[in-house]
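# Understanding the architecture of this molecule
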Amino acid sequence: MDEMTTTAYRPLLFSIAYGMTGSVGDAEDIVQDAFLGAARAQRAGTAITDPKAYLTTSVTRLGINHLRSARVRRETYVGNWLPEPVVVPAGTPGPAEHAELADSLSMAFLVLLENLSPVERAVFMLHEVFGYSHAEVAAVVGKTEVNCRQIFARARQRIAARQRAASSARRSEAVELAGRFFDAVTGGDLDALLGVLAPDVVSYGDGGGKAPALATPLAGPRAVGEFLIGLFHRVGEQGYFLRPARVNGAPGAVLHDAGGQVVSVLELDIADGLIRAIHGVVNPDKLGHVSPAR
């Protein structure tokens, strides 16, 4: 498989693999394994007439196998589990393999996908996020089209039962709201912060037992607001600083220590003009791919 093909399909394949695993490192490994598998098949005499379909199928099935082995690890995970963040610094296009990462692969959406079986996740994501027809999905996962329609309907019901309905904010409005949020938390302005938090706002932290984080989700504007004001007051005194970023397609920021090393990544879930969830990843195992400040 030539370099042009590899370059052309890598962004899509990374997005599918990341949507399946919620891990940047695992997604990159799966994409690489798919390319290596295709190369081996060609050397063995297999004619790959549709590289996109072949590679999509390979990545999806590798993702399904990965999830089956990962479920045991997720069940024993310490504290809240959040996906590894995909971070694009503000004002930059980001890595090419992240270019096609759909905005719908937000942290909140990926957490919802954890409620699905590996096959349900693949069927739902390929159809709902990437626009594959049920016939195309059937070919990828190796099931009948009728079966895929049933799997999709079942998965959609399970997702809808847990999803909070809201209208998405336009990007410019979301960026402006995020700016007000970060100004308030770093400036210690609780009243201003309460003005941008939804009545049912929830804050989640993922330390994986390896870094201090919220043991359970924190709910309610005042509880969340007071926690964040206190947290940023403490880290600010130690010289920590924030850099704005796009995180999984949403407004967010990277928190750096005084030496520029990455301490945490924050993603804001914004809808109806307010922030309804804050996702904070502090588990160092999930931050190794995020670049330190220069």
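Everything below is about the structure printed above this text.
First, a word on scope: everything that follows refers to the structure included in this document. This structure is a prediction, so every number in the text was calculated from the model and none was measured.

### Description of the side chain of Asn283
Structurally, the position occupied by Asn283 is in the segment after strand 7 (274–281). Note on Asn283: relative accessible area 3%, which makes it buried. Side-chain polar atoms of Asn283 contact the side chain of Tyr77, separated by 2.8 Å. Setting aside chain neighbours within four positions, we find Asn283 in contact with Tyr77, Asp206, Gly207, Gly208 and Lys210.

### Focus: the sheet that holds strand 6 (residues 262–271)
The mixed open sheet is built from 7 strands, whose spatial order is 1-4-5-6-7-2-3. At either end of the open sheet lies a strand with only one pairing partner, and these are strand 1 (87–89) and strand 3 (218–219). Sheet strands touched by helix 8 (residues 171–187): strand 2 (197–206), strand 4 (241–247), strand 5 (250–256), strand 6 and strand 7. Its angle to strand 6, the strand with the most contacts, is close to 130°. Here helix 10 (residues 221–237) sits on the sheet in contact with strand 2, strand 3, strand 4, strand 5, strand 6 and strand 7, set at roughly 50° to strand 2.

### Some words on helix 1 (residues 3–21)
Over its 19 residues, helix 1 extends 25 Å from the first C-alpha to the last, a length consistent with the 27 Å expected when each residue adds 1.5 Å. Of all bends in helix 1, the biggest is about 45°, found at Arg10, and the proline Pro11 comes one to four residues later. Following helix 1 by one or two positions, Gly22 adopts a phi angle in the positive range, close to 70°.

### Let's talk about helix 10
The end-to-end C-alpha distance of helix 10 is 24 Å, a good match for the 24 Å that 17 residues give at a rise of 1.5 Å each. Along helix 10, the residues classified as buried are Val224, Gly225, Leu228, Ile229, Phe232 and Val235. Looking straight down helix 10, one finds its buried side chains confined to an arc of 145°; they lie on one side. One or two residues past the end of helix 10 sits Gly239, with phi positive at roughly 85°.

### Thoughts on the side chain of Glu267
With respect to the secondary-structure elements, Glu267 resides in strand 6. Arg246 is the oppositely charged side chain nearest to the buried, salt-bridge-free Glu267, at an N-O distance of 8.7 Å. Within the local environment of Glu267, its side chain forms a polar contact with the backbone nitrogen of Met107, the two atoms lying 3.2 Å apart. For Glu267, the side chain forms a polar contact with the side chain of His279, separated by 2.8 Å. Once residues lying within four places of it in the same chain are set aside, the contact partners of Glu267 are Ser106, Met107, Val247, Asn248, Ala250, Pro251, Gly252, Ala277, Ile278 and His279.

### Side note on the nonpolar core
Counting 44 residues, the largest nonpolar core has Ile16, Tyr18, Leu105, Val123, Phe124, Phe130 and Val141 as the members making the most contacts within it. At the level of secondary structure, the elements contributing two or more residues to this core comprise helix 1, helix 2 (24–43), helix 3 (51–75), helix 4 (107–113), helix 5 (118–128), helix 6 (134–141) and helix 7 (145–160). In this structure, Val123 is in contact with Val137, Val141, Cys148, Ile151 and Phe152, ignoring residues within four places of it in sequence.

### Some words on the packing of aromatic side chains
Counting across every chain of the model gives 4 aromatic pairs. With a centroid separation of 6.0 Å and an interplanar angle of 10°, the aromatic rings of Phe14 and Tyr18 are classed as stacked. With Phe14 and Tyr18 both in helix 1, this residue pair falls 4 residues apart, about one helical turn. Classification of Tyr18 by relative accessible area gives buried; the value is 0%. One aromatic cluster is present, formed by Phe109, Phe124 and Phe152 through successive ring pairs.

### So, the pattern of salt bridges
Oppositely charged side chains may form a pair once their charged atoms are brought near each other. In this structure the tally under the stated criterion is 9 salt bridges. Glu120 is the partner of Arg154 in a salt bridge, and the nearest nitrogen-oxygen pair spans 3.0 Å. Highlighted residues: Arg154 in helix 7 and Glu120 in helix 5, separated in sequence by 34 residues. What emerges from the salt-bridge pattern is a single network uniting Glu120, Arg154 and Arg158.

### Here's the deal with the environment of Leu112
Along the polypeptide, Leu112 turns up in helix 4. You can call Leu112 buried: its relative accessible area is 13%. The spatial distance from the C-alpha of Leu112 to the C-alpha of Arg158 is 8.9 Å, given a sequence separation of 46 residues. Look past the residues within four positions of Leu112 in its chain and what remains in contact with it is Ile159, Arg162 and Gln163.

### Comments concerning the packing of helix 5 against helix 6
The N-to-C vectors of helix 5 and helix 6 enclose an angle of 145°; their axes lie 10 Å apart at closest approach. For the pair helix 5 and helix 6, the crossing hand works out as right-handed. Taking contact as the criterion, the partners of Ala122, Val123, Leu126 and His127 in helix 5 are, on helix 6, His134, Val137, Val140 and Val141. Tallied by class, the residues present in the contact of helix 5 with helix 6 amount to 6 nonpolar, 2 polar and no charged.

Conventions we followed
- Residues numbered from 1 in each chain as written.
- Predicted model: local features only at pLDDT ≥ 70, side-chain atom pairs only at ≥ 80, totals over all residues.
- Heavy atoms only, no water.
- Helix = DSSP H or I, 4+ residues; strand = E, 2+ residues; numbered from the N terminus.
- Buried < 20%, exposed > 50% of the residue type's maximum accessible area, 1.4 Å probe, protein only.
- Polar contact = N/O pair within 3.5 Å; in protein donor to acceptor, adjacent residues only side chain to side chain.
- Contact = heavy atoms within 4.5 Å.
- Pairing = 2+ DSSP bridges.
- Axes fitted to C-alpha atoms, helices over the stretch in contact; angles between N-to-C directions.
- Expected span 1.5 Å × (residues − 1).
- Bend = angle between axes of the 7 residues up to and from the residue.
- Arc of directions from axis to C-beta.
- Lys, Arg positive; Asp, Glu negative; His and termini not counted.
- Salt bridge = Lys/Arg side-chain N within 4 Å of Asp/Glu carboxyl O.
- Core = buried A, V, L, I, M, F, W, Y, C linked by side-chain atoms within 4.5 Å.
- Phe/Tyr/Trp six-rings, centres within 6.5 Å; stacked < 30°, edge-to-face > 60°.
- Left-handed = near helix turned anticlockwise from the far one by under 90°.
- Nonpolar A, V, L, I, M, F, W, Y, C, P; charged D, E, K, R; others polar.

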